[in-house]
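Examination of the molecular architecture
The lines below spell out each chain.
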Amino acid sequence: MEATETAPIADSGPHVADHAPQEDVAVPPRRRAGRTGRTVGLIAVAAVLGLVGGTAVGYGVQAEREPTALPALNQPDLAYPKSLPKGQKAVQLPASEDRRVKTDGDLRKLLLPRPTGTKKAEFSDLDGWVSLPQYAGGFKSPDSALDFQLNSGLRRIASTSWQTGKYRLTEIRLVQYRDSDVLGAQEHAEEQMGYMTDEDYARSEGEPVKGSVNGRYYLFPVQRKAGYLDFYEARAYFHRGDIMAEIYIVDTKKISAKDIGSLAERQLGRL
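To keep things clear, this report deals only with the structure shown in the data block. Computed from a predicted structure; not experimentally measured.

Thresholds, definitions, all that
Residues numbered from 1 in each chain as written. Predicted model: local features only at pLDDT ≥ 70, side-chain atom pairs only at ≥ 80, totals over all residues. Heavy atoms only, no water. Helix = DSSP H or I, 4+ residues; strand = E, 2+ residues; numbered from the N terminus. Buried < 20%, exposed > 50% of the residue type's maximum accessible area, 1.4 Å probe, protein only. Salt bridge = Lys/Arg side-chain N within 4 Å of Asp/Glu carboxyl O. Phe/Tyr/Trp six-rings, centres within 6.5 Å; stacked < 30°, edge-to-face > 60°. Pairing = 2+ DSSP bridges. Contact = heavy atoms within 4.5 Å. Axes fitted to C-alpha atoms, helices over the stretch in contact; angles between N-to-C directions.

1. Let's talk about unusual backbone geometry
Residues other than glycine seldom take positive phi values, yet Arg 203 does so here, at roughly 60°. For Arg 203, the location among the structural elements is in the loop between α5 (184–194) and β4 (207–208). Note on Arg 203: relative accessible area 48%, which makes it partly exposed.

See below:
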(Lines give C-alpha, C1' and ligand atoms only; values in the text may rest on other atoms or scores of the structure.)
Protein backbone atom coordinates (compact mmCIF):
# COMPACT_ATOMS: atom_id res chain seq x y z
CA MET A 1 0.00 0.00 0.00
CA GLU A 2 1.23 3.45 -0.77
CA ALA A 3 2.51 5.23 2.26
CA THR A 4 1.02 8.51 3.44
CA GLU A 5 2.96 11.66 2.77
CA THR A 6 3.34 14.98 4.45
CA ALA A 7 3.26 18.34 2.77
CA PRO A 8 6.69 19.78 1.99
CA ILE A 9 8.13 21.94 4.72
CA ALA A 10 9.32 25.30 3.57
CA ASP A 11 12.91 26.29 4.29
CA SER A 12 12.80 28.73 7.17
CA GLY A 13 16.53 29.39 7.36
CA PRO A 14 18.10 32.84 7.25
CA HIS A 15 18.10 34.70 3.97
CA VAL A 16 20.68 37.27 2.92
CA ALA A 17 19.48 40.29 0.95
CA ASP A 18 21.19 40.68 -2.41
CA HIS A 19 20.24 44.30 -3.03
CA ALA A 20 23.00 46.83 -3.86
CA PRO A 21 23.71 49.42 -1.15
CA GLN A 22 21.54 52.52 -1.46
CA GLU A 23 23.30 55.54 -2.99
CA ASP A 24 23.56 58.86 -1.11
CA VAL A 25 20.54 61.04 -1.70
CA ALA A 26 21.26 64.66 -2.48
CA VAL A 27 19.75 67.06 0.07
CA PRO A 28 17.84 69.90 -1.68
CA PRO A 29 18.75 73.49 -0.74
CA ARG A 30 16.66 74.99 2.07
CA ARG A 31 14.04 77.50 0.93
CA ARG A 32 12.60 80.46 2.76
CA ALA A 33 9.04 80.09 4.03
CA GLY A 34 6.72 81.72 1.57
CA ARG A 35 3.02 81.85 0.77
CA THR A 36 2.64 78.11 0.41
CA GLY A 37 3.91 77.36 3.89
CA ARG A 38 1.68 79.96 5.45
CA THR A 39 -1.38 78.64 3.65
CA VAL A 40 -0.73 75.12 4.92
CA GLY A 41 -0.33 76.50 8.43
CA LEU A 42 -3.62 78.35 8.24
CA ILE A 43 -5.43 75.24 7.00
CA ALA A 44 -3.97 73.22 9.84
CA VAL A 45 -5.05 75.80 12.45
CA ALA A 46 -8.54 75.93 10.94
CA ALA A 47 -8.82 72.16 11.09
CA VAL A 48 -7.84 72.12 14.76
CA LEU A 49 -10.28 74.91 15.59
CA GLY A 50 -13.05 73.13 13.71
CA LEU A 51 -12.39 69.93 15.60
CA VAL A 52 -12.37 71.64 18.97
CA GLY A 53 -15.42 73.70 18.11
CA GLY A 54 -17.36 70.64 16.95
CA THR A 55 -16.44 68.76 20.09
CA ALA A 56 -17.60 71.65 22.26
CA VAL A 57 -20.96 71.79 20.45
CA GLY A 58 -21.36 68.05 20.94
CA TYR A 59 -20.78 68.32 24.66
CA GLY A 60 -23.25 71.19 24.85
CA VAL A 61 -26.00 69.20 23.13
CA GLN A 62 -25.42 66.22 25.39
CA ALA A 63 -25.52 68.39 28.53
CA GLU A 64 -29.01 69.66 27.65
CA ARG A 65 -30.50 66.17 27.19
CA GLU A 66 -32.27 64.18 29.89
CA PRO A 67 -29.94 61.57 31.45
CA THR A 68 -30.42 58.06 30.11
CA ALA A 69 -31.50 55.63 32.80
CA LEU A 70 -29.08 52.76 33.47
CA PRO A 71 -30.36 49.17 33.29
CA ALA A 72 -31.23 47.47 36.56
CA LEU A 73 -28.41 45.57 38.20
CA ASN A 74 -30.56 42.49 38.71
CA GLN A 75 -31.48 40.60 35.54
CA PRO A 76 -34.50 38.36 36.24
CA ASP A 77 -34.36 36.80 32.77
CA LEU A 78 -30.89 35.33 33.28
CA ALA A 79 -31.03 31.57 33.88
CA TYR A 80 -28.68 29.88 36.30
CA PRO A 81 -28.41 26.15 36.98
CA LYS A 82 -30.20 25.20 40.16
CA SER A 83 -27.95 24.20 43.01
CA LEU A 84 -28.19 20.61 44.18
CA PRO A 85 -29.83 19.84 47.52
CA LYS A 86 -27.48 19.63 50.47
CA GLY A 87 -25.60 16.35 50.57
CA GLN A 88 -26.41 15.46 46.98
CA LYS A 89 -23.64 15.18 44.36
CA ALA A 90 -23.79 15.57 40.60
CA VAL A 91 -24.36 12.32 38.72
CA GLN A 92 -21.24 11.22 36.87
CA LEU A 93 -21.57 10.63 33.15
CA PRO A 94 -21.63 6.97 32.13
CA ALA A 95 -18.57 5.76 30.27
CA SER A 96 -20.60 5.53 27.06
CA GLU A 97 -21.23 9.31 27.20
CA ASP A 98 -17.90 10.45 28.63
CA ARG A 99 -15.60 10.93 25.66
CA ARG A 100 -12.52 11.27 27.85
CA VAL A 101 -13.06 7.75 29.16
CA LYS A 102 -13.31 6.46 25.59
CA THR A 103 -10.22 8.20 24.26
CA ASP A 104 -8.04 7.53 27.31
CA GLY A 105 -8.77 3.81 27.21
CA ASP A 106 -7.54 1.25 24.71
CA LEU A 107 -7.42 3.26 21.49
CA ARG A 108 -7.68 0.07 19.44
CA LYS A 109 -11.24 -0.43 20.69
CA LEU A 110 -12.29 2.74 18.87
CA LEU A 111 -11.29 1.26 15.52
CA LEU A 112 -14.02 -0.22 13.33
CA PRO A 113 -14.15 -3.99 13.72
CA ARG A 114 -13.08 -6.10 10.78
CA PRO A 115 -16.19 -6.79 8.64
CA THR A 116 -17.59 -10.29 8.46
CA GLY A 117 -16.35 -12.23 5.45
CA THR A 118 -13.01 -10.42 5.28
CA LYS A 119 -9.62 -11.65 6.38
CA LYS A 120 -6.73 -9.95 8.11
CA ALA A 121 -4.34 -8.29 5.68
CA GLU A 122 -0.85 -9.77 5.43
CA PHE A 123 0.82 -6.45 6.26
CA SER A 124 -1.26 -5.91 9.42
CA ASP A 125 0.43 -5.06 12.69
CA LEU A 126 0.18 -8.05 15.00
CA ASP A 127 -0.94 -6.12 18.08
CA GLY A 128 -2.75 -3.22 16.43
CA TRP A 129 -0.17 -0.60 17.45
CA VAL A 130 2.11 1.40 15.15
CA SER A 131 5.34 2.82 16.56
CA LEU A 132 6.40 6.38 15.79
CA PRO A 133 9.52 5.34 13.81
CA GLN A 134 7.41 2.90 11.83
CA TYR A 135 4.78 5.56 11.14
CA ALA A 136 7.30 8.24 10.16
CA GLY A 137 9.10 5.72 7.94
CA GLY A 138 6.05 5.55 5.70
CA PHE A 139 6.52 9.16 4.57
CA LYS A 140 8.70 10.36 1.71
CA SER A 141 10.70 12.47 4.19
CA PRO A 142 10.87 10.35 7.36
CA ASP A 143 13.06 12.83 9.24
CA SER A 144 10.67 15.72 8.60
CA ALA A 145 7.68 13.54 9.47
CA LEU A 146 9.35 12.47 12.73
CA ASP A 147 10.07 16.08 13.72
CA PHE A 148 6.51 17.13 12.85
CA GLN A 149 4.96 14.39 14.97
CA LEU A 150 7.24 15.01 17.95
CA ASN A 151 6.58 18.74 17.85
CA SER A 152 2.84 18.08 17.55
CA GLY A 153 2.78 15.94 20.71
CA LEU A 154 2.07 12.55 19.18
CA ARG A 155 0.83 10.14 21.83
CA ARG A 156 0.07 6.82 20.10
CA ILE A 157 -1.19 5.23 16.88
CA ALA A 158 -3.66 2.37 16.55
CA SER A 159 -4.27 0.53 13.29
CA THR A 160 -6.45 -2.13 11.75
CA SER A 161 -6.65 -3.57 8.22
CA TRP A 162 -8.40 -6.28 6.27
CA GLN A 163 -8.60 -7.85 2.83
CA THR A 164 -11.83 -8.19 0.88
CA GLY A 165 -11.84 -10.65 -1.98
CA LYS A 166 -8.59 -11.15 -3.83
CA TYR A 167 -7.20 -7.65 -4.16
CA ARG A 168 -9.12 -5.06 -2.12
CA LEU A 169 -7.19 -3.87 0.95
CA THR A 170 -8.49 -1.48 3.61
CA GLU A 171 -6.51 0.17 6.40
CA ILE A 172 -7.60 2.56 9.16
CA ARG A 173 -5.24 4.43 11.48
CA LEU A 174 -6.11 6.51 14.54
CA VAL A 175 -3.37 8.99 15.41
CA GLN A 176 -3.78 10.48 18.89
CA TYR A 177 -2.05 13.57 20.33
CA ARG A 178 -1.44 14.87 23.83
CA ASP A 179 -3.27 17.87 25.26
CA SER A 180 -1.23 20.99 24.55
CA ASP A 181 -1.41 24.40 22.92
CA VAL A 182 -0.74 22.66 19.57
CA LEU A 183 -3.78 21.22 17.78
CA GLY A 184 -1.91 18.15 16.60
CA ALA A 185 -4.84 16.13 15.28
CA GLN A 186 -6.32 19.04 13.32
CA GLU A 187 -2.98 20.18 11.92
CA HIS A 188 -1.97 16.69 10.82
CA ALA A 189 -5.32 16.14 9.07
CA GLU A 190 -5.05 19.48 7.31
CA GLU A 191 -1.46 18.76 6.27
CA GLN A 192 -2.52 15.49 4.66
CA MET A 193 -5.54 16.99 2.91
CA GLY A 194 -3.44 19.94 1.75
CA TYR A 195 -1.70 18.03 -1.03
CA MET A 196 -4.61 15.91 -2.27
CA THR A 197 -5.20 18.30 -5.15
CA ASP A 198 -1.70 17.66 -6.54
CA GLU A 199 -1.15 15.88 -9.84
CA ASP A 200 0.30 12.77 -8.17
CA TYR A 201 -2.69 12.34 -5.86
CA ALA A 202 -6.47 12.78 -6.04
CA ARG A 203 -6.36 15.92 -8.21
CA SER A 204 -9.52 17.16 -6.49
CA GLU A 205 -10.84 18.86 -3.39
CA GLY A 206 -12.61 15.66 -2.38
CA GLU A 207 -16.01 15.37 -0.73
CA PRO A 208 -16.93 16.23 2.89
CA VAL A 209 -17.23 13.48 5.49
CA LYS A 210 -20.69 13.91 7.01
CA GLY A 211 -20.61 14.79 10.69
CA SER A 212 -16.99 15.96 10.68
CA VAL A 213 -15.68 19.51 11.08
CA ASN A 214 -13.67 19.61 7.87
CA GLY A 215 -12.89 15.99 7.03
CA ARG A 216 -12.92 14.86 3.41
CA TYR A 217 -12.66 11.69 1.34
CA TYR A 218 -10.98 11.33 -2.04
CA LEU A 219 -11.20 9.06 -5.07
CA PHE A 220 -7.93 8.89 -7.01
CA PRO A 221 -7.75 8.63 -10.81
CA VAL A 222 -7.12 5.06 -11.97
CA GLN A 223 -3.51 4.16 -12.70
CA ARG A 224 -2.96 2.01 -15.76
CA LYS A 225 0.31 0.49 -16.92
CA ALA A 226 0.96 -2.13 -19.59
CA GLY A 227 1.41 -5.58 -18.08
CA TYR A 228 -0.18 -4.63 -14.74
CA LEU A 229 -3.68 -4.70 -13.31
CA ASP A 230 -5.49 -1.39 -12.97
CA PHE A 231 -4.86 0.34 -9.63
CA TYR A 232 -7.62 2.25 -7.81
CA GLU A 233 -7.23 4.15 -4.55
CA ALA A 234 -9.44 6.08 -2.13
CA ARG A 235 -8.54 7.96 1.04
CA ALA A 236 -10.28 9.80 3.89
CA TYR A 237 -8.91 12.19 6.50
CA PHE A 238 -10.69 13.77 9.45
CA HIS A 239 -10.21 14.54 13.14
CA ARG A 240 -12.30 14.70 16.28
CA GLY A 241 -10.81 16.14 19.43
CA ASP A 242 -7.28 14.84 19.92
CA ILE A 243 -7.60 11.99 17.38
CA MET A 244 -6.88 12.18 13.67
CA ALA A 245 -8.15 9.34 11.46
CA GLU A 246 -6.84 8.26 8.07
CA ILE A 247 -8.44 5.59 5.91
CA TYR A 248 -7.07 3.90 2.78
CA ILE A 249 -8.71 1.56 0.29
CA VAL A 250 -6.86 0.11 -2.72
CA ASP A 251 -8.20 -2.30 -5.32
CA THR A 252 -7.86 -3.44 -8.91
CA LYS A 253 -11.52 -2.56 -9.46
CA LYS A 254 -13.29 0.77 -9.15
CA ILE A 255 -13.95 2.03 -5.61
CA SER A 256 -17.24 3.86 -5.18
CA ALA A 257 -17.73 7.08 -3.26
CA LYS A 258 -20.19 5.22 -1.04
CA ASP A 259 -17.51 2.67 -0.07
CA ILE A 260 -15.04 5.23 1.29
CA GLY A 261 -17.65 7.76 2.44
CA SER A 262 -19.71 5.36 4.57
CA LEU A 263 -16.55 3.80 6.01
CA ALA A 264 -15.33 7.24 7.13
CA GLU A 265 -18.71 8.15 8.63
CA ARG A 266 -18.90 4.90 10.61
CA GLN A 267 -15.36 5.36 11.94
CA LEU A 268 -16.11 8.95 12.90
CA GLY A 269 -19.16 7.75 14.80
CA ARG A 270 -16.95 5.65 17.10
CA LEU A 271 -14.78 8.59 18.17
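What follows picks up the thread again.
2. A few points about the pattern of salt bridges
All chains considered together, the criterion is met by 8 salt bridges. With a closest N to O distance of 3.0 Å, Asp 106 and Arg 108 form a salt bridge. Accessibility expressed as a relative area gives 27% for Asp 106, which makes it partly exposed. The closest approach of N and O atoms between Asp 259 and Arg 168, which form a salt bridge, is 3.1 Å. You can see Asp 259 sitting in helix α6 (residues 257–269) and its partner Arg 168 sitting in strand β3 (residues 168–177), a full 91 residues away along the chain. Overall, Asp 259 belongs to the partly exposed group, its relative accessible area being 29%. Looking at Arg 168, the relative accessible area reads 16%, which means it is buried. Each of Arg 168, Asp 251 and Asp 259 takes part in salt bridges that share partners, so that together they form one network.

3. Some remarks on the packing of aromatic side chains
Scanning all chains against the criterion turns up 3 aromatic pairs. Consider the rings of Tyr 195 and Tyr 201, whose centres lie 4.7 Å apart with planes at 65°: the pair is edge-to-face. Since its relative accessible area comes to 7%, Tyr 201 is described here as buried. Ring geometry for Tyr 237 versus Tyr 248: centroids 6.3 Å apart, planes at 90°, classification edge-to-face. With Tyr 237 in strand β6 (residues 232–240) and Tyr 248 in strand β7 (residues 243–251), the pair connects residues that are 11 residues apart, well separated along the chain. Judged by relative accessible area, Tyr 237 falls into the buried class, the value being 0%.

4. Some points on the pairing of β7
The buried count for β7 comes to 9 of 9 residues, which makes it a mostly enclosed element. Side chains of β7 alternate between two faces, with Ile 243, Ala 245, Ile 247, Ile 249 and Asp 251 and Met 244, Glu 246, Tyr 248 and Val 250 buried alike. Direction of pairing for β3 relative to β7: antiparallel, over a ladder of 8 bridges. Bridge pairing in β7 places Arg 173 opposite Glu 246. Linking two consecutive strands that pair antiparallel, namely β6 and β7, is a turn of 2 residues; a positive phi of about 65° is found at Gly 241 within it.

5. Description of the sheet that holds strand β5 (residues 216–219)
Taken in spatial order, the 7 strands make up an open sheet running β1-β2-β3-β7-β6-β5-β4, and their pairing is antiparallel. Unpaired on one side and paired on the other, β1 (119–120) and β4 mark the two borders of the sheet. Sheet analysis places strand β2 (residues 154–164) next to β3, joined by 10 bridges and oriented antiparallel. Across the sheet, residue Ala 158 finds its bridge partner in β3, namely Leu 174. In the packing of α5 onto the sheet, the strands contacted are β3, β5, β6 and β7, and the crossing angle to β7 comes to about 30°.

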